[in-house]
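# Residue-level structure breakdown
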Amino acid sequence: MTEEIKIHLEESDTKGRYFSDSVNGAFAEMTFTKAGEGLIIIDHTEVPQALSGLGLGVRLVESGVRFARESGRKIVPLCPYAAHQFRKHAEWHDVLNR
């Protein structure tokens, strides 16, 4: 079921968010702020209890990693969940702002 739940991007000049399809009225999201041309700050990730255990949080952060790679940016994982995922996924460190 998890792969059937699509992840979408909504962005403006300064902010953005990745969010899931609605499942029974609930959706997961990760928000970020664009800090200049080369940096994004992941500031919040939320997965409601109704969607817990589906791997959506990781998919949201992974979407941000893909966005950073495609746009030549680095990520500051300010959100505790995103920071935790960066510690677990060494393969994402190419976009980690150090």
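Refer to the structure printed above.
Because the structure is a prediction, the values reported are computed rather than measured. (Residues numbered from 1 in each chain as written. Predicted model: local features only at pLDDT ≥ 70, side-chain atom pairs only at ≥ 80, totals over all residues. Heavy atoms only, no water.)

### Considerations on the pairing of strand β1 (residues 7–11)
In plain terms, the rule: In this analysis, strands are considered paired if DSSP registers two or more bridges between them. Think of it this way: any DSSP run of H or I at least four residues long counts as a helix, any run of E at least two long counts as a strand, and we number them from the N terminus.
In this sheet, strand β2 (residues 15–20) lies alongside β1 in antiparallel orientation, the contact comprising five bridges. Pairing of E10 across the sheet is with R17, part of β2.

### Description of helix α2 (residues 80–88)
Put simply, the rule is: With a 1.4 Å probe rolled over the protein chains alone, any residue whose accessible area is under 20% of its type maximum counts as buried; one over 50% counts as exposed, and the rest are partly exposed. Comment: arc refers to directions from the helix axis out to C-beta atoms. Contacts: residue pairs with any heavy atoms within 4.5 Å of one another.
The complete set of buried residues in α2 reads A82, A83, Q85 and F86. Angularly, the buried residues of α2 cover 160° about the axis, an arc narrow enough to put them on a single face. Exposed residues pointing more than 90 degrees away from the buried face of α2 are listed as P80, R87 and K88. Turning to α2, the residues buried within the fold contact β4 (39–46), α1 (56–71) and β5 (74–77).

### Structural notes on the packing of α1 against α2
The condition is simple: Every angle, taken between N-to-C directions, lies between 0 and 180 degrees, and every axis is a line fitted to C-alpha atoms, over only the stretch in contact when it is a helix. Note on terminology: angles under 35 degrees are roughly parallel, angles over 145 are roughly antiparallel, angles of 65 to 115 are roughly perpendicular, and the others are oblique. Charged means Asp, Glu, Lys or Arg here, nonpolar means Ala, Val, Leu, Ile, Met, Phe, Trp, Tyr, Cys or Pro, and polar covers whatever is left, Gly included.
As a packed pair, α1 and α2 sit with axes 10 Å apart at the nearest point and diverge in direction by 80°. On the basis of their axis angle, the class for α1 and α2 is roughly perpendicular. Counting all contacts with α1, which are made through G57, V58, V61 and V65, the residues of α2 involved are Y81, A82, Q85 and F86. Here the contact of α1 with α2 is composed, by residue class, of six nonpolar, two polar and no charged.

### A few points about the packing of aromatic side chains
Note the threshold: Whether two aromatic rings pair depends on their centres lying within 6.5 Å, for rings of Phe, Tyr and Trp, where Trp uses its six-membered ring; planes under 30 degrees apart make the pair stacked, over 60 edge-to-face, and the rest tilted. Whether a charge sits over a ring depends on NZ of Lys or CZ of Arg being within 6 Å of the ring centre and within 35 degrees of the ring normal.
Across all of its chains, the model carries three aromatic pairs by this definition. Summarising the aromatic geometry, the rings of F32 and F67 are spaced 5.4 Å apart at their centres and angled 40° between planes, so their arrangement reads as tilted. Separated by 35 residues along the polypeptide, F32 in strand β3 (residues 29–34) and F67 in helix α1 bring together distant segments of the chain. Here the two residues F32 and F67 agree in accessibility, since each one is buried. Here the guanidinium or amino end of R17 rests over the ring plane of F19, the centre of that ring lying 4.0 Å away.

### A few points about the sheet that holds β1
If you walk across this open sheet you meet the five strands as β1-β2-β3-β4-β5, and the pairing is mixed. Each edge of the open sheet is held by one strand with a lone partner, namely β1 and β5. Taken over all neighbouring pairs, the strand axes of this sheet differ in orientation by 25° on average, direction set aside. Two strands pair when backbone bridges link them, and β3 and β4 are joined in this way by six bridges, in the antiparallel orientation. Bridge pairing in β4 places T33 opposite I41. Where α1 meets the sheet, it contacts β1, β2, β3, β4 and β5, and its direction lies at approximately 170° from that of β4. Of the strands in this sheet, β4 and β5 are in contact with α2, which crosses β5 at around 120°.

Everything listed here is a matter of geometry and, on its own, says nothing about what the molecule does.
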